[in-house]
Amino acid sequence: MSTEIVEQHRKASPTLLGFALITVSDTRTPENDEGGLILASLAIGAGHRVELSRIVPDDIAAIQGAVQDALDIAGTGGTHGVDVIVLSGGTGFSPRDVTVEAVTPLIDKPIEGFGELFRMLSWQQVGSAAMLSRATAGLIGLRTDLRAIFLLPGSPKAVALAMEKLILPEAGHLLGQVRKPV
């Protein structure tokens, strides 16, 4: 795809998105959820809305419930309340890391390139430890109501990297493409 076409798509894409931000952690609280605060600050700073912000434990049912709550936030006048769902935490390999197991069964269409690019960018920051991230993304919802969902590590540097380099630059473009009339 040429850069001209990509730029045309971006110009025709939504510029104001609703975000749901879900921190997955047994230890974070609203007072010490640095990653969640970074996510909210970056989304708002880019001109988007934060429709939901929540902390849930490392528990499959709790994670799936929070994702469903985000999907249930509907917009008015044909717009979506939540367009992008970002989960931070629980994407590693410790026994309590179950975010990937909780969410991937809900994903209708995976975005393989997200995890690949995230780990490549992470490698530039942390070296070979980047392979320990199971960050992933996908589209979730009905064909006419697809939302983007991103699963990130919980570290503040990781959430900032993913938002600044991948999610914020491309979420509108992605949703503009998948929501095109057929």
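Located above this text is the structure these notes cover.
What counts as what
Residues numbered from 1 in each chain as written. Predicted model: local features only at pLDDT ≥ 70, side-chain atom pairs only at ≥ 80, totals over all residues. Heavy atoms only, no water. Core = buried A, V, L, I, M, F, W, Y, C linked by side-chain atoms within 4.5 Å. Buried < 20%, exposed > 50% of the residue type's maximum accessible area, 1.4 Å probe, protein only. Helix = DSSP H or I, 4+ residues; strand = E, 2+ residues; numbered from the N terminus. Contact = heavy atoms within 4.5 Å. Salt bridge = Lys/Arg side-chain N within 4 Å of Asp/Glu carboxyl O. Axes fitted to C-alpha atoms, helices over the stretch in contact; angles between N-to-C directions. Parallel < 35°, antiparallel > 145°, perpendicular 65-115°, else oblique. Left-handed = near helix turned anticlockwise from the far one by under 90°. Nonpolar A, V, L, I, M, F, W, Y, C, P; charged D, E, K, R; others polar. Expected span 1.5 Å × (residues − 1). Arc of directions from axis to C-beta.

S.K.: Quick rundown of the nonpolar core? Include the residues and the values.
M.R.: By size, the foremost hydrophobic cluster in this structure holds 28 residues, and its most contacted members are Phe19, Val84, Val86, Phe114, Phe150, Leu152 and Ile167. Contributing elements (two or more residues each) for this core: β1 (18-24), α2 (34-45), β3 (84-88), α5 (112-126), β5 (136-140), β6 (147-152) and α6 (156-178). No other element matches the 10 residues that α6 contributes to this core. The contact partners of Val84, leaving out residues within four places of it in the chain, are Leu17, Gly18, Phe19, Ala20, Ala148, Phe150, Ile167, Ala171 and Leu175. Counting 21 residues, the second-largest nonpolar core is a separate cluster that includes Ala20, Ala66, Val67 and Leu87.

S.K.: Before we move on, can you summarise the pattern of salt bridges with the specific residues and values?
M.R.: The full count for this structure, using the stated rule, is 6 salt bridges. Between Arg96 and Asp26 there is a salt bridge; the shortest N-O distance is 2.9 Å. Of this pair, Arg96 sits in the loop between β3 and α4 (99-103) while Asp26 sits in the loop between β1 and α2; the two residues are 70 residues apart in sequence, bridging distant segments of the chain. Residue classification places Arg96 among the partly exposed residues on the basis of a relative accessible area of 46%. Overall, Asp26 belongs to the partly exposed group, its relative accessible area being 42%.

S.K.: Quick one: what's the story with the packing of α5 against α6, residue by residue and with numbers?
M.R.: α6 packs onto α5 with a crossing angle of 125 degrees between their chain directions and a minimal axis gap of 10 Å. In terms of axis orientation, α5 runs oblique to α6. Two packed elements cross with a definite hand, and for α5 against α6 that hand is right-handed. Counted together, Phe114, Leu117, Phe118, Leu121, Ser122 and Gln125 of α5 and Lys157, Ala158, Leu161, Ala162, Lys165, Leu166 and Ile167 of α6 form the full contact between these two elements. Of the residues assigned to the contact of α5 with α6, the class counts are 9 nonpolar, 2 polar and 2 charged.

S.K.: If you had to explain the packing of α2 against α6 to someone new, which residues and values would you point to?
M.R.: Axis separation between α2 and α6 bottoms out at 8 Å; the angle between their running directions is 25 degrees. It follows that α2 is roughly parallel to α6 by the angle criterion. Of the two possible hands of crossing, α2 and α6 adopt the one that is right-handed. Listed contacts from α6 to Glu34, Gly35, Ile38, Leu39, Leu42 and Ala43 of α2 are Pro156, Val159, Ala160, Met163, Glu164 and Leu168.

S.K.: I'd like a description of the environment of Ile85, backed by residues and values.
M.R.: Relative to the helices and strands, Ile85 resides in strand β3. Residue classification places Ile85 among the buried residues on the basis of a relative accessible area of 0%. Separated by 32 residues in sequence, Ile85 and Ser53 place their C-alpha atoms 10.0 Å apart. Contact partners of Ile85, with chain neighbours within four places excluded, come to Ala20, Ile22, Val67, Ala70, Leu71, Ala148, Ile149 and Phe150.

S.K.: So what's going on with α2? Residues and values would help.
M.R.: With 12 residues, α2 should reach 16 Å at 1.5 Å per residue; the first-to-last C-alpha distance of 16 Å fits that figure. Buried within α2 we find Gly35, Gly36, Leu39, Ala40 and Ala43. Seen from one end, α2 has its buried residues packed into an arc of 135 degrees, which puts them on one side. Residues Leu37, Ile44 and Gly45 are exposed on α2 and point more than 90 degrees away from its buried face. Residues of α2 that are buried make contact with β1, β2 (49-56), β3, β6 and α6.

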